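Spelled out from the first residue to the last, the chains are:
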Amino acid sequence: MIPYGKQSISSEDVDAVSKALQDEFLTQGPRVSEFEERLADYLGVKSTVVVNSATSALHIACLALGVGPGDLVWTSAISFVASANAAKYCGADVDFVDIEPSTFNISAHSLGEKLAIAASSGQKLPKVVIPVSMAGQSPDMESIFALSQTYGFRIIEDNSHALGAEHLGVKVGGCQFSDISVFSFHPVKMITTGEGGACSTNNLALARRMERLRSHGITRSQEEMVSPRDIPYYYEQLELGYNYRITDFQCALGISQLKRLDEFVAVRNAIASSYSLKLDRNVLDLPFTSANNVSSFHLYIVRIKEEFQSIRDELFHYLRSLGIMVNLHYIPIYRHPYYWNTGLYSELDFPNAESYFRRAISLPIHPSLDDKEVDFVSNALMDYWSHARSKL
Ligand SMILES: *Cc1c(COP(=O)(O)O)cnc(C)c1O
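Values in this document were obtained by computation on a predicted structure and should not be read as measured data.

Peer 1: Can you walk me through the overall build of the chain in this structure?
Peer 2: The number of helices and strands found in the chain is 13 helices and 15 strands. Whereas a compact globule of 392 residues would reach a radius of gyration of roughly 21 Å, the chain reaches 22 Å, a difference of no more than 12%. Viewed in the frame of its principal axes, the chain has a C-alpha envelope of about 80 × 60 × 40 Å. By the burial criterion, 56% of the 392 residues in the chain qualify as buried. Intrachain contacts of the chain at a sequence separation of at least 6 include 71% that bridge at least 24 residues. Summed over all atoms, the accessible surface of the chain reaches about 16600 Å², with 52% contributed by carbon and sulfur. The centroid of the 34 positive side-chain charges in the chain is displaced by 2 Å from the centroid of its 45 negative side-chain charges.

Here it is, written out as structure tokens:
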């Protein structure tokens, strides 16, 4: 079986975790802040807050920006549901923006149009927009940032796919064009801590607030207390927070994996180049990377050409039958019953997301995928095509 994505665990990773397990603190030990510091250095950002998942990170990022009932949050029509759910946790309403056909990212052009229509018709404007770096490539953050200045929204980048990627020559997650950036350390993502995630920000007040929200809304800092008391047992809960803490031994894995990140990005890019030489561009639209970006290639997404899109599901079944665990990232979020049944959304508003949904297929890509497997996948795809074309 060839999975679409998979962790790579080295003996150094195992040793690091094993050492952490034998130390004094399993949960809030020294490796939590060490991981945060190393991640901040890597990203070139002032502060990071590590948590138990990217979903938690998105939730506390929304809360820290003041998202609550009655507010509106917009995100990309094509993403994992967590990008939208975070806003729902806060009691906010969610709307979606169509994607750019070439990158599958939120379209800055569609965003601009949707904002202009909302503003001119007196509708509510979003408090926060959550662009997603699909497959590992940053959206057009300069244009989205410019729109935020005009329309007064805040920006959370969902960079769950894009740790190690670059945009305009700097690492994604440096928050040049956003308030907060979020990462995932789920095993299929760029590095793993088992479950895990992080927020990065250059705004230290936001970082402090997210640190509190990660742990019940509690502070132990006298400067933050309402009635400071200089006694070791004393702490105050300032607002409603959660237990979104990550453990010390997970951070041991994170620190060790972070050392391997650049190698992971390089291997994934090499696999992507290899696919691009083997796959037939007459049948498939291959991934496009903007000249502004270095993609981390979390995913390698091809699209069946429009005129052949009717074979997509059959092709999907065929590849799965060979043990090639292709996938679809993602079903448009508004199509899930939880969102669809509100009656708020129409597929007619998202022509590019709909076309993507009919044509996309994620091929296997991960650091331990070897040349033979890349060949096997490419050949299987092209074999299927030579058999299918006779029927079209
Ligand atoms: C994986 C993913 C998440 C959620 O990550 P978890 O760490 O599993 O909570 C959120 N957004 C996107 C785009 C993702 O791919």
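Peer 1: Got a minute to help me understand the sheet that holds strand E7 (residues 170–171) in this structure?
Peer 2: Note on sheets: strands pair through backbone hydrogen bonds, and any given pair is parallel or antiparallel. The antiparallel open sheet is built from 3 strands, whose spatial order is E7-E6-E13. The sheet terminates laterally at E7 and strand E13 (293–294), the two strands that pair on one side only. Of the pairings in the sheet, the one linking strand E6 (residues 166–167) to E13 comprises 2 bridges and is antiparallel in character. Bridge pairing in E13 links Glu166 to Val294.

Peer 1: Is there a simple way to think about the site of the ligand in this case?
Peer 2: Not every one of the 15 residues close to the ligand is listed here, only the nearest: Thr55, Asp158, His161, Ser184 and Lys189. Contacts to the ligand include His161, whose side-chain N or O atom sits 2.7 Å from an oxygen atom. For the ligand, whose accessible area on its own is 380 Å², the fraction buried by protein is 93%. Among the secondary structure elements, those contributing two or more residues to the shell around the ligand are helix H3 (54–64) and helix H4 (82–89). A breakdown of the residues in the shell around the ligand according to their chemical character gives 5 nonpolar, 8 polar and 2 charged.

Peer 1: Is there a simple way to explain the packing of helix H5 (residues 108–120) against helix H6 (residues 141–151) in this structure?
Peer 2: If you want to describe how two helices pack, look at the angle between their axes and the distance between the axes. Following both chains from N to C, one finds H5 and H6 inclined at 10 degrees, their axes separated by 10 Å at the closest point. The angle between H5 and H6 places the two elements in the roughly parallel class. Counting all contacts with H5, which are made through Ala108, Leu111, Gly112, Leu115, Ala116 and Ala119, the residues of H6 involved are Ser143, Ile144, Leu147 and Tyr151. Grouping the constituent residues of the contact of H5 with H6 by class yields 8 nonpolar, 2 polar and no charged.

Peer 1: Can you help me understand unusual backbone geometry in this one?
Peer 2: The phi torsion of most residues other than glycine is negative, and most of the peptide bonds are trans. With an omega of 5 degrees, the peptide bond between His329 and Tyr330 qualifies as cis. Residue position: Tyr330 is located in the loop between helix H10 (312–321) and helix H11 (337–340). One non-glycine residue, Phe104, lies in the positive phi region at around 70 degrees. Relative to the helices and strands, Phe104 is located in the loop between strand E3 (93–97) and H5. A positive phi angle, near 60 degrees, is found at Cys175, a position not held by glycine. Along the chain, the position of Cys175 falls in the loop between E7 and strand E8 (180–184).

Peer 1: Hey, could you run me through H4 in this one?
Peer 2: Of all 8 residues in H4, 6 are buried, a share of seventy percent or more. Of the residues making up H4, those classed as buried are Ala82, Ser83, Ala84, Asn85, Ala86 and Ala87. The secondary structure elements touched by the buried residues of H4 are H3, strand E2 (72–76), E3, strand E4 (128–130), strand E5 (154–158) and H11. Looking one or two residues beyond H4, the residue adopting positive phi is Gly91, at roughly 85 degrees.

Peer 1: Help me understand the pairing of E3 in this model?
Peer 2: In the case of a regular strand, side chains alternate between the two sheet surfaces. Here E2 pairs with E3 via 5 bridges, running parallel. Each residue of the ladder has a partner; that of Ser76, found in E3, is Val97. Remark: the E2/H4/E3 crossover connection has right-handed handedness.

Peer 1: Can you walk me through the nonpolar core in this structure?
Peer 2: Core analysis: the largest hydrophobic core is formed by 53 residues, its most contacted members being Phe96, Ile156, Ile180, Val182, Met210, Ile301 and Tyr356. Counting only elements with at least two residues in this core, the list comes to strand E1 (47–51), H3, H4, E3, E4, E8, helix H7 (204–214) and helix H12 (351–359). Considering each element in turn, this core owes the most residues, 8 residues, to H3. If sequence neighbours within four positions are ignored, Ile156 has contacts with Leu58, Ala61, Cys62, Leu65, Val128, Val129, Ile130, Pro131, Ile180 and Val182. Among the nonpolar cores identified, the runner-up in size contains 31 residues, and Leu279, Phe316, Leu369 and Val374 belong to it.

Peer 1: Hey, could you run me through the environment of Ser10 in this one?
Peer 2: Relative to the assigned elements, Ser10 resides in the segment before helix H1 (11–21). Ser10 sits in the buried class, given a relative accessible area of 15%. Spatially, the C-alpha atoms of Ser10 and Ala54 are 23 Å apart, while their sequence positions differ by 44 residues.

Peer 1: Is there a simple way to think about the sheet that holds strand E12 (residues 284–285) in this case?
Peer 2: Strand order across the open sheet formed by 3 strands is E12-E14-E15, with antiparallel pairing between neighbours. The open sheet is flanked by E12 and strand E15 (360–363), the only strands paired with a single partner. Where H10 meets the sheet, it contacts strand E14 (300–304) and E15, and its direction lies at approximately 20 degrees from that of E15.

Peer 1: So what exactly am I meant to see when it comes to the environment of Leu206 here?
Peer 2: With respect to the helices, strands and loops of the structure, Leu206 is situated in helix H7. Residue classification places Leu206 among the buried residues on the basis of a relative accessible area of 7%. Sequence-wise, Leu206 and Ala146 are 60 residues apart; in three dimensions their C-alpha atoms are separated by 21 Å. Setting aside its immediate chain neighbours within four residues, Leu206 contacts Ala64, Leu65, Arg154, Asp179, Ile180 and Thr201.

Reading the values: rules and limits
- Residues numbered from 1 in each chain as written.
- Predicted model: local features only at pLDDT ≥ 70, side-chain atom pairs only at ≥ 80, totals over all residues.
- Heavy atoms only, no water.
- Helix = DSSP H or I, 4+ residues; strand = E, 2+ residues; numbered from the N terminus.
- Rg over C-alpha atoms; globule rule 2.2 N^0.38 Å.
- Buried < 20%, exposed > 50% of the residue type's maximum accessible area, 1.4 Å probe, protein only.
- Contact = heavy atoms within 4.5 Å.
- Areas by Shrake-Rupley, 256 points an atom, 1.4 Å probe, with all protein chains shown as cover.
- Lys, Arg positive; Asp, Glu negative; His and termini not counted.
- Charge placed at Lys NZ, Arg CZ, Asp CG, Glu CD.
- Pairing = 2+ DSSP bridges.
- Near = heavy atom within 4 Å.
- Polar contact = N/O pair within 3.5 Å; in protein donor to acceptor, adjacent residues only side chain to side chain.
- Nonpolar A, V, L, I, M, F, W, Y, C, P; charged D, E, K, R; others polar.
- Axes fitted to C-alpha atoms, helices over the stretch in contact; angles between N-to-C directions.
- Parallel < 35°, antiparallel > 145°, perpendicular 65-115°, else oblique.
- Right-handed = clockwise from strand over helix to strand, strands pointing away.
- Core = buried A, V, L, I, M, F, W, Y, C linked by side-chain atoms within 4.5 Å.

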